[in-house]
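Coordinate analysis (summary)
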Amino acid sequence: MNRILVVDDEPQIRRALSLHLGVRGYEVFEADTGERAIQLAASEHPDVVLLDLGLPGLDGVFVIEALRGWTTVPIIVLTVRDDERSKVQALDAGADDYVTKPFGMAELLARVRAVLRRSPEADDSLAEVTTSSFRLDLIGHRAFAGGAEVRLTPTEWAMVEYLVRYPGRLVTYRQLITAVWGASYDPDPNLLRVHMAHIRRKLEADGARPQHFITDSGMGYRFENDGEG
C-alpha cells in the first residue's frame, strides 16, 4: 500500500483528498502546517507528498527545501497561485510536479500514479532510449531518426540526454540551463527555445507537433516516451 502525506491548512481539502485517496487504496497522513509536514515525512516515510504552497508558518517552498535535504520522495505541489514565478520557485526547490487549485481529482490521481511509476532520480544506468520517432544510443552519443543517423550539436545532445533521463518529469528552464551550461550561466531567454526547435526538427516525426519533447508553457519541458519504437 502506497503512503501519501497530504499537507494543506484547509480542513475540507484534506478531508476530500483523504477520502478520495483512501477509497483507492492509499494510506493517507495529514498535516496542516509545514512543521508538522516535516515531522510526518520523517516518521512515516510517505511515498508521495501532496503539498500546498500557502501554509501558515513554514511555507511550502521552505518545506520542499527541508525535505530535499534528506529525501527524494516525490512532491506534488497543490496551489491556488497561478503565477509562473511561484510554480518555478517550487519546482526549482525540488518539487516534481504541480497542480493548480481548483483541480479535478482524476487529474491529481493521474499525477500521483505518474510520480509513483518513476524515480525522482535520474536514471544514470540508461543506455538506450527508443520511441516511435527516434532512437538514442546514450553510450555512443548517437541519435537515429527516420532510418538514418541524425547529427546533434553538443548542446542539443546535452539537452536531450538530460531530459530523457527524467521521463515524464517537468524539468524547469533553470534546471536545464544549470545542467547544460552551469549554475552561473545567464542565457538569452530565447536560447532554449531555439535549441529545442532544432531538436524537434531533427528527432520528432513532426517538429511542429511534438509528441516527445513537450513544452509546459512558461515552466519548462517534459520528455514523454511512448515506448513504441
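Each value, and the rule that gives it
- Every chain's residues receive numbers from 1 upward, in the order its sequence appears when written.
- Restriction of local features to residues with pLDDT of at least 70 applies here, the model being predicted, together with a cutoff of 80 or more for giving and counting side-chain atom pairs; totals for whole chains, interfaces and linings are based on all residues.
- The side-chain figures draw on all heavy atoms in the structure; neither hydrogens nor water molecules are used.
- Two strands pair under a simple rule: DSSP has to find at least two bridges between them.
- A run of DSSP states H or I qualifies as a helix once it reaches four residues; a run of E qualifies as a strand once it reaches two. Both are numbered from the N-terminal end.
- To get an axis, a line is fitted to the C-alpha atoms, and for a helix only the part in contact is used. The angle between two axes follows their N-to-C directions and goes from 0 to 180 degrees.
- Note on contacts: a residue pair is in contact if any heavy atoms of the two residues lie within 4.5 Å.
- pLDDT measures the predictor's confidence residue by residue and takes values from 0 up to 100.
- Counting of polar contacts relies on pairs of N or O atoms within 3.5 Å, with two restrictions inside protein: one atom must be capable of donating a hydrogen and the other of accepting it, and residues adjacent in sequence are counted only when both atoms are side-chain atoms.
- In this analysis, the expected span of each helix is defined as 1.5 Å times one less than the number of residues it contains.

Remarks on the sheet that holds strand β8 (residues 142–145)
As summarised here, the arrangement of the four strands in space is β6-β7-β8-β9, forming an open sheet in which the pairing is antiparallel. What marks the edges here is a single partner per strand, and that holds for β6 (128–130) and β9 (148–150). Put simply, the sheet's adjacent strands are angled 20° from each other on average, direction ignored. Sheet strands in contact with helix α8 (residues 191–203) are β7 (134–137), β8 and β9, and its direction is about 55° off that of β8.

Details of the pairing of strand β12 (residues 220–223)
Relative to β12, strand β10 (residues 171–172) is paired through two bridges, and the arrangement is antiparallel. Bridge assignment links V171 to a residue of β12, and that residue is Y221. Pairing geometry for strand β11 (residues 213–216) and β12, over four bridges, is antiparallel. Residue pairing across strands places I214 opposite R222, the latter belonging to β12. Turn length for the β11-β12 hairpin, with the two strands adjacent in sequence and antiparallel, is three residues, and the turn residue G218 shows positive phi of about 80°.

Some details on the sheet that holds strand β2 (residues 27–31)
Within a sheet, adjacent strands bond to each other through the backbone by hydrogen bonds, running parallel or antiparallel. Taken together, the five strands give an open sheet; going across it, the order is β2-β1-β3-β4-β5, and neighbouring strands pair in parallel fashion. The outermost strands of the open sheet, each flanked by one partner alone, are β2 and β5 (97–100). Direction aside, the axes of adjacent strands within the sheet are offset by 20° on average. Alignment of strand β4 (residues 75–79) against β5, held across four bridges, turns out to be parallel. Counted as the bridge partner of V77 is Y98 from β5. Helix α1 (residues 11–23) contacts β1 (3–7), β2, β3 (48–52) and β4 of the sheet and is inclined by roughly 170° relative to β2. Sheet strands in contact with helix α3 (residues 60–68) are β3 and β4, and its direction is about 155° off that of β3.

Let's talk about the confidence of the model for the protein chain
Per-residue confidence for the protein chain gives a mean pLDDT of 87; residues scoring 70 or more make up 93%. By mean pLDDT, helix α4 (residues 84–93) is the weakest element of the protein chain at 81, and β1 is the strongest at 97.

Side note on the environment of E128
Mapped onto the fold, E128 is located in strand β6. Sequence separation between E128 and A143 is 15 residues; the distance between their C-alpha atoms is 9.9 Å. Among all residues touching E128, those that are not within four sequence positions of it are R135 and L136. Within polar-contact distance, the side chain of E128 engages the side chain of T130 at 3.4 Å. At a separation of 3.2 Å, a polar atom in the side chain of E128 contacts the side chain of R135.

Re α1
Under the 1.5 Å per step criterion, the end-to-end length of α1 is 18 Å for 13 residues, consistent within 8% with the ideal 18 Å. Those residues of α1 that are buried lie in contact with β1, β2, β3, β4 and α5 (105–117). Trailing α1 by a residue or two, G25 shows a phi angle of about 95°, which is positive.

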